[in-house]
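Survey of secondary and tertiary structure
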Amino acid sequence: MGKAIIQAAVSAGLELVPASFSSPEEAGQVVQAGGKEIQIYGPPEREGVLASLFDEHPNLIAVDFTVPAAVNGNAELYCKVGVPFVMGTTGGDRERLYKTVEDSNVYAVISPQMGKQVVAFLAAMEIMAEQFPGAFSGYSLQVMESHQASKLDTSGTAKAVISCFQKLGVSFDLDQIQQIRDPKQQIELVGVPEEYLSGHAFHMYHLTSPDQTVSFEFQHNVCGRSIYAEGTVDAAIFLAKKVRTKADKRIYNMIDVLQEGNMR
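Residues numbered from 1 in each chain as written. Predicted model: local features only at pLDDT ≥ 70, side-chain atom pairs only at ≥ 80, totals over all residues. Heavy atoms only, no water.

**Here's the deal with the overall build of the protein chain**
Operational definition: Secondary structure elements follow DSSP: runs of H or I of four or more residues count as helices, runs of E of two or more count as strands, with numbering from the N terminus. Throughout, the radius of gyration refers to the C-alpha atoms, and the reference size of a globule is 2.2 Å times the residue count to the power 0.38. Burial status follows relative accessibility: with a 1.4 Å probe on protein chains alone, a residue under 20% of its type maximum counts as buried, one over 50% as exposed, and anything between as partly exposed. We call two residues contacting when some pair of their heavy atoms lies within 4.5 Å. Residue exposure ignores everything except the shown protein chains as possible cover, and the areas themselves are Shrake-Rupley values with a 1.4 Å probe. Asp and Glu count as negative and Lys and Arg as positive, but His and the ends of the chain are not part of the count. Where a charge sits is defined by one atom per residue type, namely NZ (Lys), CZ (Arg), CG (Asp) or CD (Glu).
Looking only at helices and strands, one finds nine helices and 11 strands in the protein chain. Relative to the compact-globule value of 18 Å for 264 residues, the protein chain shows a C-alpha radius of gyration of 20 Å, a close match. Along the first, second and third principal axes, the C-alpha set of the protein chain runs to 65 × 40 × 30 Å. For the protein chain, with 264 residues in total, the buried portion stands at 45%. Sequence separation of 24 or more characterises 62% of the internal contacts of the protein chain that already satisfy a separation of 6 or more. As displayed, the protein chain has an accessible area near 13,500 Å², and 50% of this comes from carbon and sulfur atoms. Put simply, the protein chain has 21 plus and 31 minus side-chain charges, and the middle of one group is 6 Å from the middle of the other.

In structure tokens:
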């Protein structure tokens, strides 16, 4: 994701600050991306480096795509230094994440889904759930989501869609999600092209009426990471505008970005 976002940012004409944070094992490495050498810093250096970069680049926007276990610590760092940030990582303690940002009064875009078109689908689901509560009462739901093996948590998008179905009257627990992470099953059962096993998001939601005579199926399949990278860059541009115009310091989401109406 980091490399995909770098490519999208450079293509959009944004200035890339050549620094990234990672694990102790990767600290000190230099990665070539976007025509620049990206210096990797480990945990002990993060706060000092980020504060120094923010002094040097007052228009800095941090972008976070990492593992669930790092979500809260990273957000606390951005808030402590005061750096506006886009959080695309799912998982972690989301209640604590939102409280951290709200208490610190920093600009942030936080979304479990950065793909603009998928976000539009989620927005439509929210509208349906709000306007027609209970419309699918009694229906049973099957959910399958497939992502690359390195994705450790359950899809945040799947959780959001399921929340809408629950408002629509469907009884479903998150532990009923069929989570596919095995590459062989992804090829044979899900139909993921082999070249995208390392980066994909396939979702299927199947609803069946109590008497089995009616069914609905919602599906969205994403190969690669460009859809998320483009959405992330739009979110960063959106957030930079909020900072520049001294808009309210609050937590924004991708719905806010879409509603702004100035996506590339």
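**Comments concerning the UniProt feature "domain: Dihydrodipicolinate reductase C-terminal" (unreviewed entry) in the protein chain**
For clarity, the cut-off: UniProt positions are given in the numbering used here, feature names are shortened, and annotations may be inferred rather than shown by experiment.
UniProt annotation of "domain: Dihydrodipicolinate reductase C-terminal" (unreviewed entry) refers to residues 118–258 when read in the numbering used here. Across residues 118–258, the secondary structure splits into 41% helix and 22% strand, with the terminal C-alpha atoms separated by 11 Å.

**Side note on unusual backbone geometry**
With a phi close to 70°, Q212 is a non-glycine residue in the positive phi region. Judged by relative accessible area, Q212 falls into the exposed class, the value being 59%. One non-glycine residue, K246, adopts positive backbone phi at about 55°. For K246, a relative accessible area of 70% translates into the label exposed.

**Regarding the domain arrangement of the protein chain**
The criterion, for reference: Those domain boundaries reflect an automatic or database domain assignment. Here, a salt bridge means any Lys or Arg side-chain nitrogen found within 4 Å of an Asp or Glu carboxyl oxygen. Two N or O atoms count as a polar contact when they lie within 3.5 Å, although within protein this holds only if one can serve as hydrogen donor and the other as acceptor, and sequence-adjacent residues are included solely when both atoms are side-chain atoms. Gly counts as polar in this scheme, as do all residues outside two lists: the nonpolar Ala, Val, Leu, Ile, Met, Phe, Trp, Tyr, Cys and Pro, and the charged Asp, Glu, Lys and Arg.
On domain assignment, one finds that the protein chain holds domain 1 (1–114 + 227–260) and domain 2 (116–224). Each of domain 1 and domain 2 was reduced to a C-alpha centroid, and the two centroids are 27 Å apart. Between domain 1 and domain 2, the contact holds 14 residues from the first and 14 residues from the second. Across the domain 1-domain 2 interface, the total number found is one salt bridge. K116 is the salt-bridge partner of D234, the closest N and O atoms lying 2.7 Å from each other. Here domain 1 is connected to domain 2 by six residue pairs in polar contact (both at pLDDT 80 or more). Going through the elements one at a time, α8 (226–244) and α9 (254–260) are the ones with two or more residues in the side of domain 1 that touches domain 2. Examining the composition of the side of domain 1 that touches domain 2, we find that five residues originate from one element, α8, more than from any other. Residue classes in the side of domain 1 that touches domain 2 are distributed as eight nonpolar, four polar and two charged.

**Details of the sheet that holds strand β11 (residues 251–252)**
Heads up, the condition is: Between any two strands, pairing holds if DSSP finds at least two bridges.
Judged by pairing direction, the sheet is parallel, and its four strands sit side by side in the order β4-β5-β6-β11 without closing on themselves. The sheet terminates laterally at β4 (62–64) and β11, the two strands that pair on one side only. Across three bridges, strand β5 (residues 85–87) lies against strand β6 (residues 108–110) in parallel orientation. Note on β6: the bridge partner recorded for F85 is A108.

**Regarding the nonpolar core**
We apply this condition: What we call a nonpolar core is a set of buried Ala, Val, Leu, Ile, Met, Phe, Trp, Tyr and Cys residues that are connected through their side-chain atoms within 4.5 Å.
Among the nonpolar cores identified, the biggest contains 22 residues, and F85, V101 and I110 are the most heavily contacted of them. For this core, the secondary structure elements donating two or more residues are α2 (46–56), α3 (71–81), β5, α4 (94–104) and β6. The element contributing the most residues to this core is α3, with six residues. Once you skip the residues sitting within four places of it in the chain, V101 turns out to touch C79, F85, V106, A108, I110 and I251.

**Considering the pattern of salt bridges**
Under the criterion given, the structure shown has 10 salt bridges. Between D153 and K151 there is a salt bridge, with its nearest N and O atoms 3.2 Å apart. For the pair D153 and K151, one class covers both residues: buried. Overlapping salt bridges bring together K241, K242 and E260 as one network.

**As for the UniProt feature "domain: Dihydrodipicolinate reductase N-terminal" (unreviewed entry) in the protein chain**
Under the local residue numbering, the UniProt record ascribes the feature "domain: Dihydrodipicolinate reductase N-terminal" (unreviewed entry) to residues 1–114. Along residues 1–114, the helical share is 38% and the strand share 19%, with 11 Å between the first and last C-alpha atoms.

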